[in-house]
Each structure stands twice: as C-alpha cells, then as structure tokens.
Amino acid sequence: MEILVGKGGNQSMPIMDETVSRVHCKIEVMDSGFIAVTNLSASGTYLNGVKLVKRTLAKKEDTLRLGPSFSAIISELIESEDYNIYTCHQVVCRKYRSSRDLQVFLSTSSQRALESMPPFCIPVAKSAQACYLMNEGKYWEAQNLIYDAGDSLYDMQDGSALLQGVYATILTVCARLYFKVGRLDVALESIKGACGIFDRLSSDNAGCSVEQHQETYSLAAEIYAMLGDNEAETIYKNKL
C-alpha cells in the first residue's frame, strides 16, 4: 500500500497546515509489515527529528515532521482513527503510550480537521496528558490541563449520559491529582462528584465503561481509607 501524505494526500488524517506541501512525502506499507518513508518536498521530512535524505524504514509509532511545524505519529497517517472512542483517559493512554506521543497529538490538533472529532476528544486527551504529567511529578502543569479540560466538558453538558460520564472521569483524574499531593479535602470533593454521576449511570453506556466505574470507586475507597472513614471505604470496595 502506498500513501501520499500532504494537504492533497490520501492519508487517513486531514492536514490543513499551510507549511505542508500538497504532496509532502510517501509512506509505503509493505506486505511484510515493514514501512518505508520517502521525502517528496523541498521543505523536508523528518523521522524522529532526523531529516530524511533517502527512502528510510520506519515504525508505526515513529513521529514524522513535515516541514517546520506539522508533526504526526505514522499510525495516524496510515490508519483511520475513530475519535468517538476517546471517552476517557484510559483509552487515550493506550493509544498514545508516552507523554511525548500525546503531546504531538495535542500540539497539532488545531491543524487537523476538528469537525471529524467529537467535541469531548481534546479535553479527554488533555486529561490523559495530565495523568502522564502526574507520573512525572509535574503537578502544576497537570492541574492546569485538568482545569482546562473540566471547564470545557462542563460547558458541553447537555444531559446525555455520554458527556456526564466523560465529565465524571475528568473529576476522577482531578481527585487523583489532589490525592497524590495530599490535598484530601479537594480530592474528596472531586471523587464525590464523580461517584455521584457514576452511581446514576449504567456501565453499559458510552462514556461510562466498567473500567471508568472501577477506577473511580477504587480511588474513592483509597481516599476514605486515608481519611479513616472505614464505613465509606467498605461501601466503595463493595462496588468494585
């Protein structure tokens, strides 16, 4: 399979960045599973930061930069992506296995055809990036992303189970952050909000998966245990 990548290319993800050539590079996906990339633009094509000077083998998880500003993971260019499944940070983190890969997605989101994405996609991706930042000890940056994502999701609420579930998961990420930094009062407030939503919603609804319920109730049990509320801890453990 041969894929021409650019503003006029046949890649899976639309590209609207004006610095990208109409046909900027060629990606070959061979029957053997190997992938080869060839630069076709005077602006240059970079594989993991290295400028291509000839046809070069690559992997799906590698990053391509086309010209000075547009970057994407190769898999995004050769595989169709269903952004409707981006309803929680767990899904996004399984798709983007590192903070670096997810940052590429977020930093180029404004250059993509956003009409192909549901409105909750970017806030959920930001909450996933906040999880990575928490693991790196970058709590301030994580807080800013969570607040931004939460404000966006709050404004989107239309009464649907989908958006309520997505918002509840953002609250769970918020609770996780404050639990990590020892602000149990704020963590408790956030997790109460998340549990209240999930208590009303069935786990078979979009945006309200069993995985989301379990993470929220497990964290609630941890927080109540830390606060010494054994009765509440037992209630949430029994929900798992």
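Refer to the structure above for everything that follows.
Residues numbered from 1 in each chain as written. Predicted model: local features only at pLDDT ≥ 70, side-chain atom pairs only at ≥ 80, totals over all residues. Heavy atoms only, no water.

Asks: Would you take a moment to explain the sheet that holds strand β2 (residues 25-29) for this structure?
Replies: Sheets are built from strands paired through backbone hydrogen bonds, the pairs being either parallel or antiparallel. One open sheet accounts for four strands, arranged β1-β2-β3-β6; its pairing is antiparallel. Each edge of the open sheet is held by one strand with a lone partner, namely β1 (2-5) and β6 (56-58). Between one strand axis and the next, the sheet turns by 30° as a mean value, whatever way the strands run. Bridging between strand β3 (residues 35-39) and β6 involves three bridges; their strand directions are antiparallel. Considered in β6, the bridge of A36 is made with L57. (Pairing = 2+ DSSP bridges. Helix = DSSP H or I, 4+ residues; strand = E, 2+ residues; numbered from the N terminus. Axes fitted to C-alpha atoms, helices over the stretch in contact; angles between N-to-C directions.)

Asks: Would you explain the sheet that holds strand β4 (residues 45-47) in this entry?
Replies: Strand order in the open sheet made by the four strands is β5-β4-β7-β8, with antiparallel pairing throughout. Looking along the sheet, the strands with just one partner apiece sit at the ends: β5 (50-51) and β8 (70-73). Taken strand by strand, helix α3 (residues 99-107) contacts β7 (63-66) and β8, and its axis lies near 130° from that of β8. (Contact = heavy atoms within 4.5 Å.)

Asks: What is the right way to look at the pattern of salt bridges in this model?
Replies: Any two side chains of opposite charge can pair if their charged atoms end up close together. Considering all chains together, one arrives at 11 salt bridges under this definition. K138 is the salt-bridge partner of E136, the closest N and O atoms lying 3.3 Å from each other. Residue classification places E136 among the partly exposed positions, given a relative accessible area of 41%. Here K138 falls in the partly exposed class, since its relative accessible area comes to 37%. A salt bridge links K237 to E233; the shortest N-O distance between them is 2.9 Å. Taken together, the positions of K237 and E233, both in helix α9 (residues 230-237) and four residues apart, correspond to about one turn of that helix. Owing to a relative accessible area of 46%, K237 belongs among the partly exposed residues under this scheme. E233 sits in the buried class, given a relative accessible area of 15%. (Salt bridge = Lys/Arg side-chain N within 4 Å of Asp/Glu carboxyl O. Buried < 20%, exposed > 50% of the residue type's maximum accessible area, 1.4 Å probe, protein only.)

Limitation: the analysis is restricted to geometry and does not speak to function.
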